[in-house]
Amino acid sequence: MPLASTSALRPARTRFTALHGLAVAADRLAALATALALPVRAADAPEPVLALMDGPAGAGDVEAWERPFAAWIEPDRVGGTGGGSGGATGGVPALPTHLAAPLPVLVERAGASDLYINLTTATANELHLAGRVLTALAERHPLPDDRRNDLELALHEAISNALVHGNLQVDGMKELSAVELERFSHELVARLADPALAHRRVEVAVLLEAGTAVIDVADEGAGFTPTPQDGRGASGRGLDLIATIAESVELCDGGRRIRMRFPL
Amino acid sequence: MDYGVEQRDQEAVVRLRGRLTFNDHAKLRALIGEMAQNKAKRQVLDLSSLEFVDSAGIGMLLIAREEMVNAGKSLVLRTAAGQVKRVLTVAQIGKIVTIED
């Protein structure tokens, strides 16, 4: 089920009119604008606008996730420290993924979605990304509070799985014990402090179709095969919660991508 | 997530505030330590000011409950509302932990 490639072949549906830097240095933004052949956004630029980031700074305000923005990408730093696919970190060689592609390729992918986010693990974790995506989604399709809460939870669970178990390769808390919580806590802190893992990318792509939102969340981890849960441990409820909220859930790309379909 | 602990005669009431997610692992470890050490036999987690909980947050609440049982104490969840109440219901946590309105 190579859905990553089918999404790359989707026709363009979003043509960016301009780009905008969220706390990106002016000279760097100018260079990115030239590379993408897009103007830097003027105050009254029509939507959709592409937001470029350099870490979480500048993306903390709600305005950064409202119109006219429709995509949020954190480009690799020049001479990039973040290779994305992680190499041999932790002794688990990650398969190469498309999430760390050059910026023009990511912008093309963004153009094939209605909303698109491609950030490092460190940035996505800092921003509480699911709530940000819901801000952007609710601007396009108003949602009752209960539905918005449900969608935020499902998206948060998918993004958490991508960050914690995918990119950072931290196992869930299997037993109900403080010792297991301590193990989880230490591993999470240590892996986030490892630049090779913290720079792995998470991608969120939203397609809005008649009465439906299709949301893909992808990571650069080792993938996984879902196993039936016995319901007694401290982990393993995330996918079940997603399945309760979403109309359908597919795992693709060896478990590195989850596709959720939500009625709106 | 933040919390405050109020000691009463027979119980300790812990009020959780904000969002409880996997990122709150360090605070939950500290809180479980506090609850295990205080004198009250009955530990009440007041969830009325909690705005959001995720599956890892629920897992950590279950760990807290297990540790209290091991320490000869009880733990109850109280006054969940909104998204938190909904998640506790969907995940059927009432089968494992006492939930009071």
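Residues numbered from 1 in each chain as written. Chains lettered and ligands numbered in written order. Predicted model: local features only at pLDDT ≥ 70, side-chain atom pairs only at ≥ 80, totals over all residues.

Description of the overall build of chain B
Stage number 1. Secondary structure assignment for chain B yields three helices and five strands.
Stage number 2. Starting at the N terminus, the α and β elements of chain B follow one another as β-β-α-β-α-β-α-β.
Stage number 3. Relative to its length of 101 residues, chain B is compact, with a C-alpha radius of gyration of 12 Å against a globular reference of 13 Å.
Stage number 4. The contacts of chain B with a sequence gap of at least 6 include a subset with a gap of at least 24, amounting to 70%. (Helix = DSSP H or I, 4+ residues; strand = E, 2+ residues; numbered from the N terminus. Rg over C-alpha atoms; globule rule 2.2 N^0.38 Å. Contact = placed C-beta atoms within 7 Å.)

So, the pairing of strand β7 (residues 248-252) of chain A
All names here are of chain A.
Stage number 1. Strand direction decides the pairing type here: β7 and strand β8 (residues 257-263), joined by five bridges, are antiparallel. Within the sheet, the bridge partner assigned to Leu-251 lies in β8 and is Ile-258.
Stage number 2. With antiparallel pairing between neighbouring strands as the criterion, β7 and β8 make up a hairpin whose turn holds four residues, including Asp-253 at a positive phi of roughly 55°. (Pairing = 2+ DSSP bridges.)

Considerations on the packing of helix α7 (residues 178-192) of chain A against helix α1 (residues 25-37) of chain B
Stage number 1. Running from N to C, α7 of chain A and α1 of chain B cross one another at 150°; their axes reach a closest spacing of 9 Å. Here α7 of chain A is positioned roughly antiparallel relative to α1 of chain B, judged by the angle of their axes. Read as a crossing pair, α7 of chain A and α1 of chain B show a hand that is left-handed. For the pair α7 of chain A and α1 of chain B, the contacting residues are Ala-178, Leu-181, Glu-182, Phe-184, Ser-185 and Leu-188 of chain A in the first and His-25, Ala-26, Leu-28, Arg-29 and Ile-32 of chain B in the second.
Stage number 2. Looking at side-chain class alone, the contact of α7 of chain A with α1 of chain B contains seven nonpolar, two polar and two charged residues. (Axes fitted to C-alpha atoms, helices over the stretch in contact; angles between N-to-C directions. Parallel < 35°, antiparallel > 145°, perpendicular 65-115°, else oblique. Left-handed = near helix turned anticlockwise from the far one by under 90°. Nonpolar A, V, L, I, M, F, W, Y, C, P; charged D, E, K, R; others polar.)

Quick look at the environment of Val-107 of chain A
Residues and elements named next belong to chain A.
Stage number 1. Note on placement: Val-107 falls in helix α3 (residues 103-111).
Stage number 2. Taking the C-alpha atoms as reference points, Val-107 and Gly-221, 114 residues apart in sequence, are found 22 Å from one another.
Stage number 3. When sequence neighbours within four positions are dropped, the list of residues in contact with Val-107 reads Leu-36, Leu-50 and Ile-73.

Some points on the interface of chain A and chain B
Stage number 1. Taken together, the contact pairs 21 residues of chain A with 22 residues of chain B.
Stage number 2. Put simply, the parts of the chain that give the side of chain A that touches chain B at least two residues each are α6 (145-167), α7 and α9 (238-245) of chain A.
Stage number 3. Of the residues that constitute the side of chain A that touches chain B, the class distribution is ten nonpolar, eight polar and three charged.

Concerning the confidence of the model for chain B
Stage number 1. Averaged over all residues, the pLDDT of chain B is 96; the fraction at 70 or higher stands at 100%.
Stage number 2. Scored as a complex, the prediction yields pTM 0.91 and ipTM 0.95. (pLDDT = per-residue confidence, 0-100.)

Some points on the pairing of strand β2 (residues 49-53) of chain A
Consecutive side chains along a regular strand alternate between the two faces of the sheet.
All names here are of chain A.
Stage number 1. Most of β2 sits inside the fold, with four of its five residues counted as buried.
Stage number 2. Where strand β1 (residues 18-22) and β2 come together, five bridges link them in parallel fashion. Bridge pairing in β2 places Ala-18 opposite Val-49.
Stage number 3. Judged from the four bridges that link them, β2 and strand β3 (residues 69-73) form a sheet pairing that is parallel. (Buried ≥ 20, exposed ≤ 12 C-beta atoms within 10 Å, placed from the backbone.)

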